[in-house]
Amino acid sequence: MVIVPLLVIGFGVNLQYAIGASLISVIATSSGAAAAYVREGYTNIRIGMFLEIATTVGALGGAFLAGLISTGAIAIVFAAVLLYSAWLSARPRVEHLTQDRSDPLARSLRLNGTYPTPGGLQPYGVQRVATGFGLMFGAGILSGLLGIGSGAVKVLALDHAMRLPFKVSTTTSNFMIGVTAAASAGVYLRRGYIDPILSFPVMLGVLAGALLGARILTKTHPKHLRLVFSLVVVMLAAEMVYRAIRGTI
């Protein structure tokens, strides 16, 4: 959400190359964090692998569309996603505990699970599997088209549609975005839009920032984090729209 606008607006990087560099950084950060979350038992691997079918197909389609759509149009779509993400981030998240109800399809695919809490393992049920699958296809398209993890749409699918507990939805989303980005990155690599000289320092910077952010997170109130993120994203979205209208992207 932040890397692509910063590269385009702050450093004058071509939008397609910025998207390619962003995808590489998404793969790196997702791979590092996903292993820890799986080991701790928060990630629902069965849900992640099932929904990856939709996101991977969507990501390939989005990466293909990126070569057919003008950079100005992509910037407008990007700005719309940024604004939605800012609105979603400003809202408090609600913890869902729905072990009493679950989708028959979820029971058939054995998607229901448990996650660790201070009081022991907490069971939960999965709802509206088909709706979540469809939303994940849309998340994949946005990931391939814009070079983002499309976390906002994944939250919409996992948290609001499938009603997963907060920690399960966030960790499962993190587990998935690396695979989604890898599918898109292959298309961008073939088209020559991944520049190692640009992608490598971006990846290192994001990894270093992620480690620092993890330390700051424990000392900062979530409300303040959501507010800062929302303000930054709104400003980036406004600048992207302005440049798209002027034709300077």
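Residues numbered from 1 in each chain as written. Predicted model: local features only at pLDDT ≥ 70, side-chain atom pairs only at ≥ 80, totals over all residues. Heavy atoms only, no water.

Peer 1: Before we go on, may I ask you to explain the packing of helix α4 (residues 71–90) against helix α6 (residues 129–146) in this structure?
Peer 2: In helix packing, the relevant descriptors are the interaxial angle and the interaxial distance, both defined with respect to the helix axes. At a closest axis distance of 11 Å, the pairing of α4 and α6 adopts a crossing angle of 130°. Looking at the two axes, α4 sits oblique to α6. For the pair α4 and α6, the crossing hand works out as left-handed. Across from Ile74, Val77, Phe78 and Val81 in α4, the residues of α6 making contact are Leu142, Leu145 and Leu146. Class assignment for the residues of the contact of α4 with α6 results in seven nonpolar, no polar and no charged. (Axes fitted to C-alpha atoms, helices over the stretch in contact; angles between N-to-C directions. Helix = DSSP H or I, 4+ residues; strand = E, 2+ residues; numbered from the N terminus. Parallel < 35°, antiparallel > 145°, perpendicular 65-115°, else oblique. Left-handed = near helix turned anticlockwise from the far one by under 90°. Contact = heavy atoms within 4.5 Å. Nonpolar A, V, L, I, M, F, W, Y, C, P; charged D, E, K, R; others polar.)

Peer 1: Even after reading the chapter, I still don't get the pattern of salt bridges, so can you show me in this structure?
Peer 2: For side chains of opposite charge, pairing can occur when their charged atoms come near one another. Applying the stated criterion across every chain yields a total of one salt bridge. With a closest N to O distance of 2.9 Å, Glu239 and Arg243 form a salt bridge. Of this pair, Glu239 and Arg243 both sit in helix α10 (residues 222–246), four residues apart, which is roughly one turn of that helix. Judged by its relative accessible area of 23%, Arg243 is partly exposed. (Salt bridge = Lys/Arg side-chain N within 4 Å of Asp/Glu carboxyl O. Buried < 20%, exposed > 50% of the residue type's maximum accessible area, 1.4 Å probe, protein only.)

Peer 1: Can you help me understand the environment of Ile47 in this one?
Peer 2: Its location among the elements puts Ile47 in helix α3 (residues 45–66). On a C-alpha basis, the gap between Ile47 and Val179 in space is 14 Å, while along the polypeptide they are 132 residues apart. Apart from the residues lying within four places of it in its own chain, the contact partners of Ile47 are Leu111, Val126, Leu158, Met162, Leu164 and Thr172.

Peer 1: What exactly am I supposed to notice about the packing of aromatic side chains here?
Peer 2: Any two aromatic rings considered together are summarised by their centre-to-centre distance and by the angle between their planes. If you walk through the whole model with that rule in mind, you get five aromatic pairs. Judged by centre distance (5.6 Å) and plane angle (90°), the ring pair of Tyr17 and Tyr193 falls under edge-to-face. You can see Tyr17 sitting in helix α2 (residues 15–40) and its partner Tyr193 sitting in the loop between α8 (166–190) and α9 (196–217), a full 176 residues away along the chain. A residue is classified by how much of its surface remains accessible, and Tyr17, at 33% relative accessible area, is partly exposed. Under the relative-accessibility criterion, Tyr193 is labelled partly exposed at 24%. Here the aromatic rings of Tyr84 and Trp87 are separated by 6.0 Å at their centres, their planes lie at 35°, and the arrangement is tilted. Remark: Trp87 and Tyr84 occur in helix α4; sequence separation between them is three residues, near one turn of the helix. Assessed through its relative accessible area of 27%, Tyr84 is described here as partly exposed. Grouping aromatic residues by their ring pairs yields a cluster made of Tyr17, Tyr188 and Tyr193. (Phe/Tyr/Trp six-rings, centres within 6.5 Å; stacked < 30°, edge-to-face > 60°.)

Peer 1: What is the right way to read α6 from this model?
Peer 2: The end-to-end C-alpha distance of α6 is 25 Å, a good match for the 26 Å that 18 residues give at a rise of 1.5 Å each. Count one or two residues on from α6 and you reach Gly147, which has phi positive near 75°. (Expected span 1.5 Å × (residues − 1).)

Peer 1: What is the right way to read a nonpolar patch on the surface from this model?
Peer 2: A grouping of Leu227, Val228, Leu231, Val232 and Met235 is seen on the molecular surface, where their side chains present a nonpolar patch of about 480 Å² in accessible area. With respect to the secondary-structure elements, Val228 resides in helix α10. (Patch = residues over 30% accessible without salt bridge, like charges linked within 9 Å, V, L, I, M, F, W, Y side chains within 5 Å. Areas by Shrake-Rupley, 256 points an atom, 1.4 Å probe, with all protein chains shown as cover.)

Peer 1: I would appreciate a short explanation of the pairing of strand β2 (residues 120–124) in the present structure.
Peer 2: Regular strands place side chains that alternate from one sheet face to the opposite one. Pairing of strand β1 (residues 113–117) with β2 involves five bridges; the strand directions are antiparallel. What sits directly across from Gly113, in β2, is Tyr124. Two successive antiparallel strands, β1 and β2, enclose a turn made up of two residues. (Pairing = 2+ DSSP bridges.)

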